[in-house]
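Structural description and commentary
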Amino acid sequence: MTDESGLAWAAFVALLPVALLGFTMLFRWLSARSAGTVDSRLPVPVVAAHGLFAATTLVLVLLAALGAGES
């Protein structure tokens, strides 16, 4: 929107710890699922869709930072 590559890279770098936290929560959910705790009640399709959308967001921000699609 602003055509600033620095902002695109800043957004990508800001998303990296968020992605790391997401992976941490995924592994906690997997361990809770095997232990049968309250957290394990989250539906698998919802968790999978959330991860898919998160990964898509990270890839799209990376592609924007790399300048993909520019003329």
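We now turn to the structure provided with this report. Nothing here was measured: the structure is a model prediction, and the numbers come from that model.

By volume, the largest pocket amounts to about 690 Å³. Around the largest pocket sit 22 residues that line it, and Gly 22, Phe 23, Leu 26, His 50 and Gly 51 are the ones nearest its centre. Put simply, the parts of the chain that give the lining of the largest pocket at least two residues each are α1 (5-35) and α2 (44-66). Looking at which element gives the most residues to the lining of the largest pocket, the answer is α1, with 11 residues. Classifying every residue of the lining of the largest pocket by side-chain character gives 15 nonpolar, 5 polar and 2 charged.

Taking 1.5 Å of rise per residue, the 31 residues of α1 would be expected to cover 45 Å, and the 45 Å separating its terminal C-alpha atoms lies within 8% of that figure. The set of residues buried in α1 consists of Ala 8, Phe 12, Trp 29 and Ala 32. Those residues of α1 that are buried lie in contact with α2. Positive phi shows up at Gly 36, right after α1, with a value of about 80 degrees.

Time to look at α2. Here α2 spans 33 Å end to end across 23 residues, near enough to the 33 Å set by a 1.5 Å rise per residue. At the exit of α2 stands Gly 67, carrying a positive phi of roughly 85 degrees.

Tracing the chain through its elements places Gly 6 in helix α1. Sequence separation between Gly 6 and Ala 65 is 59 residues, and the spatial gap between their C-alpha atoms is 8.0 Å.

This paragraph deals with the environment of Gly 69. Topologically, Gly 69 is positioned in the segment after α2. Given the relative accessible area of 80%, Gly 69 is considered exposed.

Before going further, it helps to examine the packing of α1 against α2. The contact between α1 and α2 brings their axes to 10 Å, and the two run at 160 degrees. As summarised for this structure, α1 and α2 are arranged roughly antiparallel, according to the angle between their axes. The hand of the α1/α2 crossing is left-handed. Facing α1, whose interface residues are Ala 8, Trp 9, Ala 11, Phe 12, Leu 15, Leu 16, Ala 19, Leu 26, Trp 29 and Arg 33, α2 presents Val 44, Val 47, Thr 57, Leu 58, Val 61, Leu 62, Ala 64, Ala 65 and Leu 66. When the residues that make up the contact of α1 with α2 are grouped by side-chain class, the tally is 17 nonpolar, 1 polar and 1 charged.

Rules of the game
- Residues numbered from 1 in each chain as written.
- Predicted model: local features only at pLDDT ≥ 70, side-chain atom pairs only at ≥ 80, totals over all residues.
- Heavy atoms only, no water.
- 1 Å grid on protein atoms, 1.4 Å probe; cavity = no way out; pocket = protein on both sides within 12 Å on 5 of 7 lines; lining within 4 Å.
- Points joined across faces, edges and corners; volume = space filled by probe spheres on them.
- Helix = DSSP H or I, 4+ residues; strand = E, 2+ residues; numbered from the N terminus.
- Nonpolar A, V, L, I, M, F, W, Y, C, P; charged D, E, K, R; others polar.
- Expected span 1.5 Å × (residues − 1).
- Buried < 20%, exposed > 50% of the residue type's maximum accessible area, 1.4 Å probe, protein only.
- Contact = heavy atoms within 4.5 Å.
- Axes fitted to C-alpha atoms, helices over the stretch in contact; angles between N-to-C directions.
- Parallel < 35°, antiparallel > 145°, perpendicular 65-115°, else oblique.
- Left-handed = near helix turned anticlockwise from the far one by under 90°.

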